Amino acid sequence: MLRPGELEIAEHAPSNNCAAAAAEEYTRWLATHHYENFNVVSWLLPKDLHQHFYNVYAYCRWADDLGDEVPQKERALELLDWWERELDDCYHGRPSHPVFVALRETITAKNIPKQPFADLLRAFRQDQNVKRYPTWDSLIGYCVYSANPVGRLVLYLCGYRDQERQAMSDATCTALQLANFWQDVERDLGKGRIYIPLDIAAAHGLTESDIADHRFDERFVGLMKDLIARTRLLFRQGAPLVKMVSGRLSVDLEMFSQGGLAVLDAIEAMGYDTLHHRPAISKAKQVRLLGRALLTHLVAKPIRPASSDAGSAFVVAQPAAPESSKSVSDSYAACHSIARAAHSNFYYAFFLLPKPKRDALAALYAFMRLVDDVADEGPDLASKQRGLAKWRAAFDEAVTGESQVFDGTVAKPLPSEPMPGEVEVLPALVDTMQRYKMPARYLHDLISGAEMDLTLRTYPTFDRLREYCYRVAGTVGLTCTHVFGFHDPRALDLAEKLGLAFQLTNIIRDVHDDYVLGRVYLPEEDLARYGVSPQDFGKSEATLGVRELLRFEADRAWQCYEEGAALFGFIDRESRAALWLLVHTYSALLARIETLDFAVLGERVRLGKVEKMLFIAKARFGRLLEENILEKRDGDRRRTGGAGSQRRAG
């Protein structure tokens, strides 16, 4: 039926009645070469669905090109009729064209009805005959056939067949189609098409000829604002679907929706003039959208639909908590609020854990954050010391029931006025300690570390610095490891090493900022070894001695990373993704510092948001091993001799 050279995508197609393997190879090639964004979608989906998506994509791609790439209307309609006959033959078990040979495998495996495939052909035929839409309802009716079948096909491929999800998918797909229409007004005019409903245009004082003549004024601005508002409403109607599907599909759906909303944002940002310009979404923006979708997937709580054929993918609703436990659940919610507001790398790792462990880390983090805030805020040393003493006493009372505070000279009753955050955080913290058999001394040691920061400004030896690092960071590793779950006591030693590695990384990065605050954490014995004075950290550029000193400390940190990485194999499997993300992120920061040759005295060295999002994606979807938990170091920056060498600058 198709003439030689009539359609570009036919050039690589195998002959009719080819073997299924050859047909699938062709659909895979078509899907991964015709549009560059399909690889991203396939990467997010489970591998066992890739080929099925390729097969469905190939059908849609062919149908679209038959309707859009064939210039003569009569010939395009003739070819669309031919394509529907091929579809009929496929459903009768007689596929001939290679696309249908491949598609037959998917239709059979996933039990997909013919209707959505046929609806798409109806839309492509309509494009040949209809160039204007008199009303909003007539345009929505077109989307029923041009957009909604695609979403339904995706649901069928992923095992969802219920009407509730299909209705939400329809809303999202229609919204995406409309966003494309508002974005492509100029392009569509070039093809002689106007998708803007003429009744809505008239309500804003515009005629069909005004649009066709590219007349941009306040009337068109008002029209686009109206259309965008209607489209955003559809996106909101479809939004719950993201939480009603399992696994990686939710990331895909969230990314599509965020992409559509980004198109609307771009139209608004450019002043609504799509009569003359087409808004573009940059590659960087697309990556940010992917990152946002990943985070949404990690944070989102599944919603159980009223009816489901795939209900096993969702959390079964739990009975209401008894009255006695409500304060604990409220406390966990408050802890999450504190952790979320801190914008810490740690918080993103929480969502790679099951909910009970996620809540536990939020409780730990919130407590540590509040203690740290007391040590960091305000100039009054005495009030800071009293504040930390009150936190220690409040913590003791919550754990043991004893109510007194030692102010440095004598034990006194605990003040009736609680510390800020105390009432909100301590119930969850105590619950976490009980659940995960966590020794109270870890958190006492943490408070002691905050107290060291109040009076100690320098550290004469590395052993003294190691003590400080244990208190402020090793304790974090130990408490987290109790939450992660372990069965070998060696895990605790490894956790302490990772805490030391994290803290050394922070110290190296923040050496200038700490000096400005009057603190020099690097050991005085090491400064003397490399001929560095504390004042060198206040300069705008690192001297050779400073770089060599920081390289020496970085080697120490890397040794701790390399030894501590073994913790990955000692903790519960369900906790490994969170640990992997934390270790990979911090080691990547140290690797970045090395790559910059320790230029840390100017602008603060950071990892970019896109980079962090990719780490989260790897932690969630990648193959995680102890061997890849550390970011690779720049080979040119490595030096022989290790952390114990006695190198001297110059």
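Per chain, the residues get numbers from 1 upward, laid out in the order the sequence is written. Selection of residues for local features in this predicted model requires a pLDDT of at least 70, selection of side-chain atom pairs for listing and counting requires 80 or more, and totals for whole chains, interfaces and linings are taken over all residues. Each side-chain value is worked out from all heavy atoms of the structure, with water and hydrogens disregarded.

**Overview of the overall build of the chain**
Runs of H or I in DSSP of at least four residues are treated as helices and runs of E of at least two as strands, each being numbered from the N terminus. A tally of helices and strands in the chain yields 28 helices and 2 strands. Split into buried and exposed, the 650 residues of the chain put 52% on the buried side. Looking at the chain alone, contacts between residues at least 24 apart form 74% of all its contacts between residues at least 6 apart. For the accessible areas, the method is Shrake-Rupley and the probe is 1.4 Å, while residue cover comes only from the protein chains on display. When the accessible surface of the chain is totalled, it reaches about 29400 Å², and 51% of it is carbon and sulfur. Think of it in three bands: with a 1.4 Å probe and only protein chains considered, a residue is buried below 20% of the maximum accessible area for its type, exposed above 50%, and partly exposed in between. Two residues form a contact once any of their heavy atoms are found within 4.5 Å.

**Quick notes on the packing of helix α4 (residues 73-91) against helix α5 (residues 98-110)**
Across the interface, α4 lies against α5 with an axial gap of 10 Å and an inter-helix angle of 45°. Regarding the angle of α4 to α5, the classification is oblique. Along this stretch, α4 crosses α5, giving a crossing that reads as right-handed. Two secondary-structure elements touch here, α4 through Trp83, Glu86, Leu87, Cys90 and Tyr91 and α5 through Val99, Phe100, Arg104 and Ile107. Note on residue classes: Ala, Val, Leu, Ile, Met, Phe, Trp, Tyr, Cys and Pro are nonpolar, Asp, Glu, Lys and Arg are charged, and everything else, Gly too, is polar. Grouping the constituent residues of the contact of α4 with α5 by class yields 7 nonpolar, no polar and 2 charged. Think of each axis as a best-fit line through the C-alpha atoms, taken over the contacting stretch in the case of a helix, with angles from 0 to 180 degrees between the N-to-C directions. For classification purposes, an angle smaller than 35 degrees is called roughly parallel, one larger than 145 roughly antiparallel, one from 65 to 115 roughly perpendicular, and anything else oblique. Take the far helix as the reference: if the near one is turned anticlockwise from it by less than a right angle, the crossing is left-handed, and if turned clockwise, right-handed.

**What about the nonpolar core?**
Counting 114 residues, the largest nonpolar core has Phe350, Phe367, Leu465, Phe537 and Tyr561 as the members making the most contacts within it. Once you skip the residues sitting within four places of it in the chain, Phe537 turns out to touch Val511, His512, Tyr515, Val520, Leu522, Leu527, Val532, Val546, Leu549 and Leu601. Of all hydrophobic cores here, the second largest spans 45 residues; its members include Tyr26, Phe53, Leu80 and Leu241. As used in this record, nonpolar core signifies buried Ala, Val, Leu, Ile, Met, Phe, Trp, Tyr and Cys residues forming a set joined through side-chain atoms within 4.5 Å.

**Side note on the packing of helix α6 (residues 115-129) against helix α8 (residues 148-157)**
Helix packing geometry: the angle between the two helix axes and the distance between the axes. It is at 9 Å that the axes of α6 and α8 come closest, and there the two elements cross at 160°. As far as their axial angle goes, α8 and α6 are roughly antiparallel. Read as a crossing pair, α6 and α8 show a hand that is left-handed. The residues of α8 that touch α6, namely those facing Pro116, Phe117, Asp119 and Leu120, are Pro149, Val150, Leu153 and Tyr156.

**Focus: the side chain of Thr481**
Along the chain, Thr481 falls in helix α22 (residues 462-484). Distance and chemistry together define a polar contact, namely a pair of N or O atoms within 3.5 Å, with one atom able to donate a hydrogen and the other to accept it when in protein, and with adjacent residues in sequence counting only for side-chain atoms on both sides. There is a polar contact of 2.7 Å between the side chain of Thr481 and the backbone oxygen of Gly477. In this structure Thr481 touches Phe486, Ala491, Leu492, Ala495, Leu567 and Ile571, once residues within four positions along its chain are discounted.

**A few points about the confidence of the model for the chain**
Across the chain, each position has a pLDDT score giving the predictor's confidence in that residue, from 0 to 100. Per-residue pLDDT for the chain has a mean of 85; in total, 85% of the residues score no lower than 70. Under a pLDDT of 50 for its full length, residues 34-43 has, in the predicted model, 21 contacts with residues more than four places off or in other chains. Considering only residues more than four positions removed or in separate chains, one finds that residues 636-650, a stretch of pLDDT under 50, has 30 contacts.

**Here's the deal with the pattern of salt bridges**
What counts as a salt bridge is simple: a side-chain nitrogen of Lys or Arg found within 4 Å of a carboxyl oxygen of Asp or Glu. Taken as a whole, this structure holds 45 salt bridges when the rule is applied. In this structure, Asp81 and Arg125 form a salt bridge, with 3.1 Å as the shortest nitrogen-oxygen distance. A residue pair is termed long-range when its members are at least 10 positions apart, and Asp81 in helix α4 and Arg125 in helix α6 qualify at 44 residues. You can call Asp81 partly exposed: its relative accessible area is 35%. Taken together, the shared-partner salt bridges connect Asp210, Asp213, Arg215, Asp217 and Arg219 into one network.

**A closer look at the packing of aromatic side chains**
By convention, a stacked pair of Phe, Tyr or Trp rings (six-membered ring in the case of Trp) has centres within 6.5 Å and planes under 30 degrees apart, an edge-to-face pair has planes over 60 apart, and any other such pair is tilted. Taken as a whole and judged by the stated rule, the model has 26 aromatic pairs. Both rings, one in Tyr459 and one in Tyr468, keep their centres 5.5 Å apart while their planes meet at 40°; by these two values the pair is tilted. Take Tyr459 and Tyr468: they sit in the same class, and that class is buried. When the ring of Tyr468 is compared with that of Tyr521, the centres are 5.2 Å apart and the planes differ by 20°; the resulting orientation is stacked. Of this pair, Tyr468 sits in helix α22 while Tyr521 sits in the loop between α24 (511-516) and α25 (524-529); the two residues are 53 residues apart in sequence, bridging distant segments of the chain. By the burial criterion, Tyr468 is buried, and Tyr521 matches it. Lying over the aromatic face of Trp136, Arg230 brings its terminal NZ or CZ to 5.0 Å of the ring centre. In this structure, Arg556 packs its charged tip against the face of Phe462, placed 3.9 Å from the ring centre. Any Lys NZ or Arg CZ that is within 6 Å of a ring centre and within 35 degrees of that ring's normal is treated as a charge sitting over the ring.

**Structural notes on α4**
End to end, α4 covers 27 Å across 19 residues, agreeing with the expected 27 Å (1.5 Å per residue, within 8%). Listing the buried residues of α4 in full gives Arg75, Ala76, Leu77, Leu79, Leu80, Trp82, Trp83, Glu86, Leu87 and Cys90. In the core, the buried residues of α4 are packed alongside α3 (47-68), α5 and α6. Among the residues trailing α4, Gly93 stands out with phi positive, at a value near 80°. To estimate how far a helix should extend, the number of its residues minus one is multiplied by 1.5 Å.

**A look at the environment of Thr106**
You can see Thr106 is positioned in helix α5. It is 8.3 Å that separates the C-alpha atoms of Thr106 and Gln51, two residues lying 55 residues apart in sequence. Those residues in contact with Thr106 that lie beyond four places of it in its chain are His52, Asn55, Val56, Asn111, Ile112 and Leu157.

**Looking at the side chain of Ser257**
Looking at the element boundaries, Ser257 is found in helix α14 (residues 249-269). Judged by relative accessible area, Ser257 falls into the buried class, the value being 12%. Not counting residues up to four positions away in its chain, the partners in contact with Ser257 are Thr172 and Phe235.

**Some details on helix α26 (residues 544-564)**
Counted at 1.5 Å a residue, the expected span for α26 with its 21 residues is 30 Å, and the 30 Å between its end C-alpha atoms agrees. Counting buried residues in α26 gives 17 out of 21 residues, a clear majority hidden from the surface.

**Concerning the state of the cysteines**
Two cysteine sulfur atoms form a disulfide, by the criterion used here, when they sit within 2.5 Å. Inspection of the entire model under this criterion finds 0 disulfides. Free of any disulfide, Cys469 has its nearest neighbouring cysteine sulfur in Cys560, separated by 9.0 Å.

**A few points about the environment of Glu574**
Within the element layout of this structure, Glu574 appears in the loop between α26 and α27 (576-595). Counting along the chain gives 220 residues from Glu574 to Pro354, while the straight-line C-alpha distance between them is 7.4 Å. Discounting residues that sit within four places of it in the chain, Glu574 has contacts with Leu352, Leu353, Pro354 and Lys357.

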